[in-house]
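Listed below are the residues making up each chain.
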Amino acid sequence: DEQLQLLVQGSGIAVEQFRKWIPVKGSLSGQLGFTVVASGPTDSPNLMGSVDILSPEIAGVRLDLISAPLIAVKEGGVDVDTLIVRHKRMDDEQWVTEAVEIDGNLPFSWDPVGLVADQPMHVGASIDRASLALVPVLLREYLGERHDKDLPGAGLWGRLEADGSVHSELTVSGTPAQPVV
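Quick caveat, the model's predicted, so the values are computed rather than measured.

Caption draft 1: Spotlight on the packing of aromatic side chains. Applying the stated criterion to the full structure yields 1 aromatic pair. With a centroid separation of 4.9 Å and an interplanar angle of 90°, the aromatic rings of Phe108 and Trp110 are classed as edge-to-face. Trp110 matches Phe108 in its accessibility class, with the two residues each being buried.

Caption draft 2: Local environment of the side chain of Ser67. Following the sequence through the fold, Ser67 ends up in strand β5 (residues 65–74). One polar contact links Ser67 to Asp52, side chain to side chain, over a distance of 2.5 Å. Contact partners of Ser67, with chain neighbours within four places excluded, come to Val51, Asp52, Thr82, Leu83 and Ile84.

Caption draft 3: Fine view of a negative patch on the surface. A contiguous patch of negative charge, built from Asp1, Glu2, Asp43, Glu75 and Asp111, is present on the exposed surface. Along the polypeptide, Glu2 turns up in the segment before β1 (3–14).

Caption draft 4: Local environment of the pattern of salt bridges. Inspection of the entire model under this criterion finds 2 salt bridges. The closest approach of N and O atoms between Glu57 and Arg62, which form a salt bridge, is 3.2 Å. Judged by its relative accessible area of 54%, Arg62 falls in the exposed class. For Lys74, the salt bridge identified is with Asp79, shortest N-O distance 3.4 Å.

Caption draft 5: Examining the pairing of strand β2 (residues 28–41) more closely. Both β1 and β2 contribute to a ladder of 10 bridges, which runs antiparallel. Note that in β2 the partner of Leu6 across the bridge is Ala38. Sheet topology note: the β2/strand β3 (residues 46–58) ladder contains 11 bridges and is antiparallel. Looking at β3, one finds that Ser39 is bridged to Asn46. Between β2 and β3, which follow one another and run antiparallel, lie 4 residues.

Caption draft 6: Geometry of the environment of Phe34. With respect to the secondary-structure elements, Phe34 resides in strand β2. Residues Phe34 and Ser50, 16 residues apart in the sequence, show an inter-C-alpha distance of 5.5 Å. Excluding its chain neighbours within four sequence positions, the residues that come into contact with Phe34 are Val8, Gln9, Gly10, Ile13, Ser50 and Val51.

Caption draft 7: Expanded view of the side chain of Glu57. Looking at the secondary structure, you find Glu57 in strand β3. Classification of Glu57 as buried rests on a relative accessible area of 16%. Polar contacts involving the side chain of Glu57 include one to the side chain of Arg62, which spans 3.2 Å. Residues in contact with Glu57, not counting those within four places in the same chain, are Ser27, Leu28, Ser29 and Arg62.

Caption draft 8: Inspection of a nonpolar patch on the surface at higher detail. Taken together, the side chains of Leu7, Val37, Met48 and Leu70 define a hydrophobic patch exposed on the protein surface, amounting to about 330 Å² of accessible area. By the element assignment, Leu70 lies in strand β5.

Caption draft 9: Structural context of unusual backbone geometry. Note the cis peptide between Asp111 and Pro112, where omega equals -5°. Mapped onto the elements of the fold, Pro112 is located in the loop between β8 (108–110) and β9 (113–115). Positive phi, normally seen in glycine, also occurs at Ser55, with a value near 50°. Residue placement: Ser55 occurs in strand β3.

Definitions and limits used
Residues numbered from 1 in each chain as written. Predicted model: local features only at pLDDT ≥ 70, side-chain atom pairs only at ≥ 80, totals over all residues. Heavy atoms only, no water. Phe/Tyr/Trp six-rings, centres within 6.5 Å; stacked < 30°, edge-to-face > 60°. Buried < 20%, exposed > 50% of the residue type's maximum accessible area, 1.4 Å probe, protein only. Helix = DSSP H or I, 4+ residues; strand = E, 2+ residues; numbered from the N terminus. Polar contact = N/O pair within 3.5 Å; in protein donor to acceptor, adjacent residues only side chain to side chain. Contact = heavy atoms within 4.5 Å. Patch = residues over 30% accessible without salt bridge, like charges linked within 9 Å, V, L, I, M, F, W, Y side chains within 5 Å. Areas by Shrake-Rupley, 256 points an atom, 1.4 Å probe, with all protein chains shown as cover. Salt bridge = Lys/Arg side-chain N within 4 Å of Asp/Glu carboxyl O. Lys, Arg positive; Asp, Glu negative; His and termini not counted. Charge placed at Lys NZ, Arg CZ, Asp CG, Glu CD. Pairing = 2+ DSSP bridges.

Encoded structure:
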């Protein structure tokens, strides 16, 4: 087996440059910074990395930060240690920080490359004071052209608005083929 030792870093990269690999239909912007360290066999390397996107805007929603300070990919699993999506906003003359944090492990294999459908996974997410205004944006992004324009209420997604905030926790376990929420 060939062995690999590699360090790749980047900063100040316009997220729009990665448009064809990111499955978002709406607008997309921000400044990407990343570090990836690869080591081990070339056919199944161990990857360690971090990713930050400053001032991201996704489908018209402006955020302060998307950050994954530690991601590990190796034969057997993808481990994400605290992916953070953060937004600060003014509310009643006071700054409020909205945050979504995600931690977890997904079963992964290099041969073939991808998630292993029948192996256990665990992903947890916590949402702290996140605005519900994001919900209609996400619904429009996800549903896009999937709804039938001739059905009653088909234009609802374009007019839907939400107000308020949400505090919650979500855990997904099971396997990728049969997730349990």
